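One-letter residues, chain by chain:
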Amino acid sequence: MGATTIWERWDSLLPDGTVNLGGMTSFNHYALGAVADWLHRTLAGPAPAEPGYRTLAIRPRPGGGLSHASARLRTPYGTAASAWRIEDGQITVEAVVPANTTAEVTLPGGERLTVGSGRHRWTVEHDRRADLAPLTLDSTLGEVSDRPGALAILTGALVRRVPELADHLKHGTGTEAQDTTVRQALALLPENESVLAEIEEGFAALPR
């Protein structure tokens, strides 16, 4: 029906273009719209790396049997977009970076680069079995939360050293922390070298 956001019900707008009078006709329903946020930031890849989108984070994460995805959004600097498609054992990632901004790009497989404004395109070899890239200390808390067993490794290592964090960690990571890396999250923990080493070792042992 031409929707550009998530509705509260599928028939909020009727086929003849009139609004359903049966109630529950929100045209931007956050309880479902939270899924759209995940589709943008995680599946397709574009997210803010700095407030106001002055720097973009483009980290597309294919998986779930999907062969392609794309997303775009209007920022204060112009339209930002990213897309990916898997064909013939390769994945092609495309990005649109608005004027006067930069993007920190992480390609499937782990390669990281920084690019300026304009249109960009990369094609790399892709094995669907490698959709789950290895977790490292530079993985985001969102990536850790999505990987079975990884969050237990992180929280277990923390609670052993700082038991008072146990209750806080039961609630997981808030939305605002999803793009924070493990290294950044633990930067203020005193003498954190040993806990970082334990977490890194645990991540390396996770099945792929």
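Residues numbered from 1 in each chain as written. Predicted model: local features only at pLDDT ≥ 70, side-chain atom pairs only at ≥ 80, totals over all residues. Heavy atoms only, no water.

Asks: Pulling in residues and values, what's your account of the overall build of the chain?
Replies: Across its full length, the chain carries six helices and eight strands. Residues classed as buried in the chain amount to 34% of the 208 residues present. For the chain, contacts bridging at least 24 residues in sequence account for 47% of all contacts bridging at least 6. Accessible area of the chain: about 12500 Å², with a carbon and sulfur share of 54%. (Helix = DSSP H or I, 4+ residues; strand = E, 2+ residues; numbered from the N terminus. Buried < 20%, exposed > 50% of the residue type's maximum accessible area, 1.4 Å probe, protein only. Contact = heavy atoms within 4.5 Å. Areas by Shrake-Rupley, 256 points an atom, 1.4 Å probe, with all protein chains shown as cover.)

Asks: Got a sec to walk through the pattern of salt bridges? Specific residues and values, please.
Replies: On inspection of all chains with the given rule, the structure shows six salt bridges. Taking the shortest distance from any N to any O, the salt bridge between D11 and R9 comes out at 2.6 Å. One connected set of salt bridges, linked through shared partners, spans R160, R161 and E198. (Salt bridge = Lys/Arg side-chain N within 4 Å of Asp/Glu carboxyl O.)

Asks: Provide a residue-level description of the sheet that holds strand β2 (residues 55–58), including the pertinent values.
Replies: Spatial ordering of the open sheet is given by β1-β2-β6-β7, a layout of four strands whose pairing is mixed. The open sheet is flanked by β1 (46–48) and β7 (112–115), the only strands paired with a single partner. This sheet shows a mean twist of 25° between the axes of neighbouring strands, independent of strand direction. As defined by bridge partners, strand β6 (residues 102–106) adjoins β7 across four bridges and the pair is classed as antiparallel. Looking at the pairing, V105 lines up with L113 of β7. (Pairing = 2+ DSSP bridges. Axes fitted to C-alpha atoms, helices over the stretch in contact; angles between N-to-C directions.)

Asks: Provide a residue-level description of the packing of helix α3 (residues 150–161) against helix α6 (residues 193–204), including the pertinent values.
Replies: α6 packs onto α3 with a crossing angle of 155° between their chain directions and a minimal axis gap of 9 Å. In terms of their interaxial angle, α3 and α6 are classed as roughly antiparallel. At the point where α3 passes α6, the crossing takes the right-handed sense. Across the interface between the two elements, A150, I153, L154, A157, L158, R160 and R161 of α3 pack against S194, V195, E198, I199, G202 and F203 of α6. The class makeup of the residues in the contact of α3 with α6 is eight nonpolar, two polar and three charged. (Parallel < 35°, antiparallel > 145°, perpendicular 65-115°, else oblique. Left-handed = near helix turned anticlockwise from the far one by under 90°. Nonpolar A, V, L, I, M, F, W, Y, C, P; charged D, E, K, R; others polar.)

Asks: Any chance you could break down the pairing of strand β3 (residues 68–75) for me, citing the residues and the numbers?
Replies: The alternating pattern of β3 places A69, A71, L73 and T75 on a buried face, while none of H68, S70, R72 and R74, on the opposite face, is buried. By the bridge criterion, eight bridges tie β3 to strand β4 (residues 78–87) in an arrangement that is antiparallel. Across the sheet, residue A69 finds its bridge partner in β4, namely W84. Between β3 and β4, which follow one another and run antiparallel, lie two residues.

Asks: Before we move on, could you go through the pairing of β6 and cite the residues and values that matter?
Replies: Direction of pairing for β2 relative to β6: parallel, over a ladder of four bridges. Paired with T55 across the bridge in β6 is T102. Turn length for the β6-β7 hairpin, with the two strands adjacent in sequence and antiparallel, is five residues, and the turn residue G109 shows positive phi of about 110°.

Asks: Mind laying out the environment of R41, listing which residues take part and the relevant values?
Replies: Along the polypeptide, R41 turns up in helix α1 (residues 30–44). On the basis of relative accessible area, R41 is assigned to the partly exposed category, the value being 29%. Through-space distance from the C-alpha of R41 to that of G142 is 10.0 Å; in sequence the pair is 101 residues apart. Excluding anything up to four places from it in sequence, R41 contacts P46, A47, P48, R59 and D179. A polar contact is formed between the side chain of R41 and the side chain of D37, at a distance of 2.9 Å. (Polar contact = N/O pair within 3.5 Å; in protein donor to acceptor, adjacent residues only side chain to side chain.)

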